Amino acid sequence: LLVPDKVTIGYIEGDGIGPDITKTTINVINAALEVAYGGKRSIEWHKVLAGDEAYDKTGNRLPDSSLEELKKCVVSIKGPLTTPIGEGFRSLNVTLRQYLDLYANIRPVRYFPGVPSPVLHPEYMNMVVFRENTEDLYAGIEWRYDSEDAEKVRAFLSSTFNINLTPDTGIGIKPISKFKSTRLVRKAIQYAIANGRKSVTLVHKGNIMKYTEGAFRDWGYEVARTEFGDYTVTEAEYLKDPEKYANKIVIKDRITDNMFQQVLTRTQEYDVIATPNLNGDYLSDALAAQVGGIGLAPGANIGDHYAVFEAVHGTAPKYAGLDVANPTSLILSAEMMLDHIGWKEASKILDDAIMQTYRDQKLTQDIARLLNLKALKCSEFGEEIINRMKPIK
Ligand code: NAD
């Protein structure tokens, strides 16, 4: 990305804890830029309306004007947005990802020093999940059991597959395409190459869902072979002669349910993961739980043109407005954003400061309570990070 020294970044505050963690994140990022560049590079933060606040002001939770502003900004960060469950309400997050074609949801999960974990060796955890973001069961193609269309779809499916879909059956469709699978796996392999990673694991349930998840696996291997043949090797080839292929990225695949237990029992064998939407959603939350929970898990939604960086967690409504939520997830997401625009010095300064804050056991209540320590407020935690920022020598 070619980025000017003064760049405009869009931000959506979000609902619930969103405003608290966004405020702290912006303060922390501004401080990191000041330490890294002494005023030579800076961000102009452009507020974009969405969620409850947009609804109160415009009657729409995600006005068209906001979508246009996100496009104009190119790169944005966002706090979590409420998705009421049930009738007539498409998730704003899904709408946004589809509108900007943010097809790769990237979720790094790694160990934080001093943060309690339910697993024996949390220090092995260092994975990056590439979750397909625009199709699969999240495409929103569903029929309520009692709708007229559901009746037609049931009739078609019942005759085609010789099964009896009873009138109390709702239907959802799982589209998985070659184009969208391929571009996701391509991004994962490119990331693995650029960051010196060892393997890319394709996670799928292809033994059951052959033409969707099974196809994802096949297309994944195909893109590795045809576009990255000089850089990659399949696991089968690698195991025949590990020394010969020591410098190659190993492409392997695992069935989803097996993968859930493998990441617990053989954590160090996994690195970059590429997977369809639903698997990726479940897996990345489960991975985050191994290293302190979703309050610590960052995320990026990236396409070929736009990028929106956001926390993995939701709005945590019970903590709304109390200034007690853990802002780490959003701060780390913003750190990914600094990397994305090439401002690596600031991201390094920020990362070192965050890790030092954890090592010093300066913690928000989600982690502090596990250790019976006094908790810091969200904003105080941000100040502790800022106090630990040191220029790179
Ligand atoms: P949640 O992530 O909001 O909360 C799950 C649990 O984690 C709760 O106990 C919560 O208090 C805790 N938690 C989450 N983030 C935390 C933080 N930063 N610090 C401390 N504790 C934290 O998930 P939920 O309760 O299932 O969802 C609440 C709302 O958020 C729903 O409307 C949902 O649709 C929405 N949501 C939005 C996004 C998004 O905008 N990307 C993602 C997930 C959920």
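Structure report, in brief. Residue numbers run consecutively from 1 along every chain, following the written order of its sequence. Under the rules for a predicted model, residues below a pLDDT of 70 receive no local features and side-chain atom pairs below 80 are neither given nor counted, while totals for whole chains, interfaces and linings still include all residues. Heavy atoms throughout the structure, all of them, feed into the side-chain values; hydrogens and water do not.

**So, the sheet that holds strand β11 (residues 272-275)**
Okay, step 1: Only strands joined by at least two bridges in the DSSP assignment are considered to pair. Helix numbering and strand numbering both begin at the N terminus, where a helix is a DSSP run of H or I of at least 4 residues and a strand a DSSP run of E of at least 2. The strand order β2-β1-β3-β13-β12-β4-β5-β11-β8-β10-β9 describes an open sheet built from 11 strands, whose pairing is mixed. A single partner strand is all that each edge strand has here, and the edge strands are β2 (42-47) and β9 (232-234). When strand polarity is set aside, the average angle formed by the axes of neighbouring strands in this sheet is 25°.
Okay, step 2: Of the strand pairs in this sheet, strand β1 (residues 6-12) and β2 are connected by 6 bridges, and their pairing is parallel. Looking across to β2, one finds that Val 7 is bridged to Ile 43.
Okay, step 3: By definition, residues are in contact when any of their heavy atoms lie within 4.5 Å. What counts as an axis is a line fitted to C-alpha atoms, over the stretch in contact for a helix, and the angles between N-to-C directions run from 0 to 180 degrees. Against the sheet, helix α1 (residues 18-37) makes contact with β1, β2 and β3 (75-78), and its axis sits at roughly 160° relative to β2, the strand it touches most.

**Observations regarding the site of the ligand**
Okay, step 1: The local shell around the ligand holds 19 residues, among which Leu 81, Asn 93, Gly 314, Ala 316 and Asn 326 are the closest.
Okay, step 2: Two N or O atoms form a polar contact when they lie within 3.5 Å of each other; inside protein one atom must be a possible hydrogen donor and the other a possible acceptor, and for residues adjacent in sequence the pair counts only when both atoms belong to side chains. One nitrogen or oxygen atom from the main chain of Leu 81 is found 2.8 Å from an oxygen atom belonging to the ligand.
Okay, step 3: A distance of 2.8 Å separates an oxygen atom of the ligand from a polar backbone atom of Ala 316.
Okay, step 4: Computed on the free molecule, the ligand has an accessible area of 810 Å², of which 68% lies beneath the protein chains in the complex.
Okay, step 5: Three categories are distinguished: nonpolar for Ala, Val, Leu, Ile, Met, Phe, Trp, Tyr, Cys and Pro, charged for Asp, Glu, Lys and Arg, and polar for the others, with Gly belonging to the last. In the shell around the ligand, the residues fall into 8 nonpolar, 7 polar and 4 charged. Whether a residue is near a molecule or strand depends on its heavy atoms: it is near if one of them lies within 4 Å of it. The Shrake-Rupley method, run with a 1.4 Å probe, gives the accessible areas here. Residue values count only the displayed protein chains as cover.

**Considering the environment of Trp 219**
Okay, step 1: With respect to the helices and strands, Trp 219 occurs in helix α7 (residues 210-228).
Okay, step 2: Sequence separation between Trp 219 and Ala 300 is 81 residues; the distance between their C-alpha atoms is 23 Å.
Okay, step 3: The contacts of Trp 219, once residues within four sequence positions are left out, are Ile 176, Ser 177, Lys 178, Ser 181 and Thr 182.

**Concerning the packing of helix α9 (residues 256-265) against helix α10 (residues 277-290)**
Okay, step 1: As a packed pair, α9 and α10 sit with axes 11 Å apart at the nearest point and diverge in direction by 15°. In terms of orientation, α9 lies roughly parallel with respect to α10. Crossing handedness for the pair α9 and α10: right-handed. Contacts between α9 and α10 involve Thr 256, Met 259, Phe 260, Val 263 and Leu 264 from the first element and Asn 279, Tyr 282, Leu 283, Ala 286, Leu 287 and Gln 290 from the second.
Okay, step 2: The residue inventory of the contact of α9 with α10, partitioned by class, reads 8 nonpolar, 3 polar and no charged. By definition in this entry, angles of less than 35 degrees are roughly parallel, angles greater than 145 are roughly antiparallel, angles of 65 to 115 are roughly perpendicular, and the rest are oblique. For any pair of crossing helices, the crossing counts as left-handed if the nearer helix is rotated counterclockwise from the farther one by less than a right angle, and right-handed if it is rotated clockwise.

**Focus: the pattern of salt bridges**
Okay, step 1: Note on definitions: salt bridges are taken to be side-chain nitrogens of Lys or Arg within 4 Å of carboxyl oxygens of Asp or Glu. Applying the stated criterion across every chain yields a total of 30 salt bridges.
Okay, step 2: A salt bridge links Asp 101 to Arg 183, with the shortest nitrogen-to-oxygen separation between them at 2.9 Å. Residue Asp 101 is found in the loop between α4 (92-99) and β4 (104-110), and its partner Arg 183 is found in helix α6 (residues 178-194); the two are separated by 82 residues along the sequence.
Okay, step 3: For each residue, the accessible area found with a 1.4 Å probe, counting protein chains only, is set against the maximum for its type, and the residue is called buried under 20%, exposed over 50%, and partly exposed in between. Judged by relative accessible area, Asp 101 falls into the partly exposed class, the value being 32%.
Okay, step 4: For Arg 183, a relative accessible area of 5% corresponds to the buried category.
Okay, step 5: Glu 151 is the salt-bridge partner of Arg 154, the closest N and O atoms lying 2.8 Å from each other. With Arg 154 and Glu 151 both in helix α5 (residues 148-161) and 3 residues apart, this pair spans about one turn of that helix.

**Details of the nonpolar core**
Okay, step 1: By size, the foremost hydrophobic cluster in this structure holds 66 residues, and its most contacted members are Ile 43 and Leu 350.
Okay, step 2: Other than its neighbours up to four places away in sequence, Ile 43 contacts Val 7, Ile 9, Ile 29, Leu 33, Met 337, Leu 338 and Trp 343.
Okay, step 3: Judged by nonpolar contacts, the second largest core, of 13 residues, contains Val 48, Leu 81, Leu 92 and Leu 102. The criterion is simple. A nonpolar core is a set of buried Ala, Val, Leu, Ile, Met, Phe, Trp, Tyr and Cys residues joined through side-chain atoms within 4.5 Å.

**Re the side chain of Gln 365**
Okay, step 1: With respect to the helices and strands, Gln 365 occurs in helix α13 (residues 365-368).
Okay, step 2: According to the relative accessible area criterion, Gln 365 is buried, its value standing at 18%.
Okay, step 3: When neighbours within four sequence positions are excluded, Gln 365 is seen to be in contact with Tyr 319, Val 324, Ala 375 and Leu 376.

**Some remarks on unusual backbone geometry**
Note on backbone geometry: most residues besides glycine have negative phi, and most peptide bonds are trans.
Okay, step 1: The phi dihedral of Val 74 is positive, around 70°, even though this residue is not glycine.
Okay, step 2: Note on Val 74: relative accessible area 31%, which makes it partly exposed.
Okay, step 3: One non-glycine residue, Asp 323, adopts positive backbone phi at about 60°.
Okay, step 4: Mapping Asp 323 onto the fold places it in the loop between β13 (307-311) and α11 (328-340).

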